Amino acid sequence: SRVISYECCPGYEKVPGEKGCPAALPLSNIYETLGVVGSATTQLYSDRSNLRPEIEGPGSFTIFAPSNEAWASLSAETLDSLVSNVNIELLNALRYHMVNKRVLTDDLKHGTTLNSMYQDLPIQIHHYPNGIVTVNCARLLKADHHATNGVVHVIDKVIATTTNSIQHIIETEESLETLRAAVAASDLNSLLESEGQYTLLAPTNEAFEKIPRETLNRILGDPEALRARLNHHILKSAMCAEAIIAGLTMETLEGTTLDVGCSGEELTLNGKPIIANKDVLATNGVVHFVNELLIPDSAKTLFELAQESEVSKSTDLFRQAGLSSHLTGSEQVTLLAPVNEVFKDGLPIVDSNMKNLLLNHIVRDQLSSKYLYHGQKLQTLGDKELRVFVYRNNLCIENACIAAHDKRGRFGTLFSMDKMLTPPSGSVMDVLKADHRFSTLVAAIQSAGLTENLNRPGTFTVFAPTNEAFRAMPQGELNKLMGNAKELANILKFHVADEILVSGAVGALVRLKSTQGDKLEVSMKNNVIHINKEPVAESDIMATNGVIYAVNSVLQPQASRPQERGDEPADPALEIFKQASALSKVSQRNPRLAPVYSRLLARMKENSGRF
């Protein structure tokens, strides 16, 4: 069960019979206020260190007072070193928590520093967008408690002086020995000792030991990949652990992002609870120790990118085909990898034909999908030429469309594709002749004199009737069609559009203009392509000059009669005749409509010269 209790804010008290705590108490000095706001231990140590007279006397001070729990959380060794020398160590520590002026929460601006009352050493203030305020990464718990000689803020930690840069922390911390060498090799020393405010997620020696030796040597031997990896561990601003909350996305120097979550009481980065030591403060930011390397895509091989994506089954296929070297080396390529869903029924058998097909899924050069354009030609390692098609709803390469944002690695880019690619293997006529299902269509095309058209370079979409489609026609109608070359050519042209439309570009409805002139309507229903409401038997048979869809029916153009065509104007005289005929019958039943009928007859006489 949950119990909600209320207490008066410090400096106020209840009044019998009234709501809340309306009675304001007289202000006390800072020393007495410490006991009221939940910092009795700070009050006690102020007394022991002889700070009490100063914070009881005249002046205008601000004290960031550690809570009782903050003092209790110090290690026994640290606490002993303070209280064993109260006149120096403890006094200096308390004076470092003080500022020689009144500073309210509104004055605590993000990124500012305040000079403490101990040797004017700086205190770092961070005021985050989520409202959290930190003082040297200690969270402000209770703010703006006024006293006669200043103001008290209660914080959740005992803060320590900061004199070292991030680079100095790396150089002196034994657990960061491997990171020290990596920073030197990537020439990041000057950045990490410069002025500014950064957050370093510092991989410990343990983190580097988790990486396979071969991979680690590759990264350490590649300054560009190493720099990218380390920049992935550096945030653009100082982020104390108190401000790193679940749901936050943080941007790194590499331009990448890290997603913050939580697992129980632990914070996670990209889903892993890896933060080992938090809030090691530096003059130019803050260091959090992490026990696992955060690897950006820009430092990974294609194989590593693919293994962590929804295309992991594809990598197994490339490995079986003996093509792993293209995914792990320094060759600049783009991998067109089908997503795992494509192989839900199992991986295909890898033979010489499959190996050649897989080679045509590797494009020469490292590409980015945002620079691809319609009609662009891509060269593969299998010496095939692939075409790029840009549609309203998809970006496709031949018959396969990009299914997810591309991932750019050190040397290669990964495109996740929605199906296996089918490189074109000849012109439309070549493909039709090679497929026994279209023998009747091939004969019809030759009879109609259209062979040359479908052999020439172009961008055709052909809805190709199969032999079954022609057999479904009445024999007399089929004989008549085949014996009339002009009508046959007209019907066949209705099956061809002069632009390439692959199935991945088909949404609810796409209209194409056929080479015959009438419109073709291509739609998707229950994951099946339909052409003029007829289901397609097979999609995306790619040719060098187009794409072919197999259909089991012969499509018929719209009737050419004017009254049935919505794109031709109606004949005015014919419309008058229709109206007159209808009104003549009605006027016989209703005498009031007789004048209307007479006027319509008169209009027919006026227009009689146009019949």
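Thresholds applied
Residues numbered from 1 in each chain as written. Predicted model: local features only at pLDDT ≥ 70, side-chain atom pairs only at ≥ 80, totals over all residues. Heavy atoms only, no water. UniProt positions renumbered as here; feature names shortened; annotations may be inferred. Phe/Tyr/Trp six-rings, centres within 6.5 Å; stacked < 30°, edge-to-face > 60°. Helix = DSSP H or I, 4+ residues; strand = E, 2+ residues; numbered from the N terminus. Buried < 20%, exposed > 50% of the residue type's maximum accessible area, 1.4 Å probe, protein only. Disulfide = S-S within 2.5 Å. Pairing = 2+ DSSP bridges. Domains from an automatic or database assignment. Axes fitted to C-alpha atoms, helices over the stretch in contact; angles between N-to-C directions. Contact = heavy atoms within 4.5 Å. Nonpolar A, V, L, I, M, F, W, Y, C, P; charged D, E, K, R; others polar.

The name recorded for the chain in an unreviewed UniProt entry is Transforming growth factor-beta-induced protein ig-h3, from Phaethon lepturus. Entered under Function (unreviewed entry) in the UniProt record, the comment concerning the chain runs "Plays a role in cell adhesion. May play a role in cell-collagen interactions."

### Some words on the packing of aromatic side chains
As enumerated under the stated definition, the model contains three aromatic pairs in all. When the centroid spacing of 6.3 Å and the interplanar angle of 40° are considered together, the rings of Phe389 and Tyr391 count as tilted. An angle of 25° between the planes, with centres 5.2 Å apart, marks the rings of Phe463 and Tyr549 as stacked. Pair noted here: Phe463 is in strand 25 (residues 460-465) and Tyr549 is in strand 31 (residues 546-551), with a separation of 86 residues, a long-range link. Per residue, the accessibility class of Phe463 equals that of Tyr549, and both read buried.

### Focus: the UniProt feature "domain: FAS1" (unreviewed entry) in the chain
On the UniProt side, "domain: FAS1" (unreviewed entry) is annotated at positions that read residues 27-159, 163-294, 298-421 and 425-555 here. Secondary structure across residues 298-421 divides into 22% helix and 24% strand, with the first and last C-alpha atoms of the span separated by 26 Å.

### Some remarks on the state of the cysteines
Applying the stated criterion across every chain, the model contains three disulfides. Two residues, Cys137 and Cys240, share a disulfide whose sulfurs are 2.0 Å apart. Residues Cys137 and Cys240 are joined through a disulfide that is left-handed, its torsion about the S-S bond being -75°. In this pair, Cys137 sits in the loop between strand 7 (133-135) and strand 8 (138-147) while Cys240 sits in the loop between strand 11 (234-235) and strand 12 (249-251), placing the two residues 103 residues apart along the sequence. For Cys240, a relative accessible area of 0% puts it in the buried group. A sulfur-sulfur separation of 2.0 Å characterises the disulfide bridge that pairs Cys396 with Cys401. Here the S-S torsion is close to 80°, and the disulfide linking Cys396 with Cys401 is therefore right-handed.

### Overview of the sheet that holds strand 9 (residues 150-155)
The seven strands are arranged 4-3-9-8-7-6-5 in an open sheet whose pairing can be described as mixed. Of all the strands in the sheet, just strand 4 (98-99) and strand 5 (113-115) have a single pairing partner and so form its edges. Pairing of strand 3 (residues 61-66) with strand 4 involves two bridges; the strand directions are antiparallel. Bridge pairing links Thr62 to Val99 in strand 4.

### Overview of the sheet that holds strand 19 (residues 377-379)
Backbone-to-backbone hydrogen bonds join strands into a sheet, with any given pair of strands oriented parallel or antiparallel. Ordered by their spatial adjacency, four strands build an open sheet running 19-20-21-22, and the pairing between neighbours is antiparallel. Every interior strand has two partners, whereas the edge strands, strand 19 and strand 22 (400-401), have only one. With three bridges connecting them, strand 20 (residues 385-390) and strand 21 (residues 395-397) associate as antiparallel partners. Considered in strand 21, the bridge of Val388 is made with Ile397.

### Brief notes about the UniProt feature "domain: EMI" (unreviewed entry) in the chain
Per the UniProt record, the feature "domain: EMI" (unreviewed entry) sits at residues 1-23. End-to-end, the C-alpha atoms of residues 1-23 are 32 Å apart, and along that stretch the chain is 0% helix and 13% strand.

### A look at the domain arrangement of the chain
Under the domain assignment used here, the chain contains domain 1 (23-155), domain 2 (166-298), domain 3 (300-417), domain 4 (428-551) and domain 5 (576-603). Taken over C-alpha atoms, the centre of domain 2 sits 59 Å from the centre of domain 4.

### Things to note about the packing of helix 5 (residues 76-83) against helix 6 (residues 86-96)
Two numbers describe how helix 5 lies on helix 6: the axes approach to 6 Å, and their chain directions differ by 115°. Across from Ser81, Leu82 and Val83 in helix 5, the residues of helix 6 making contact are Val86, Glu89, Leu90 and Ala93. Residues that form the contact of helix 5 with helix 6 fall into these classes: five nonpolar, one polar and one charged.

### With respect to unusual backbone geometry
A positive phi is found at Gln119, a non-glycine position, where the angle reads about 55°. Structurally, Gln119 is set in the loop between strand 5 and strand 6 (122-127).

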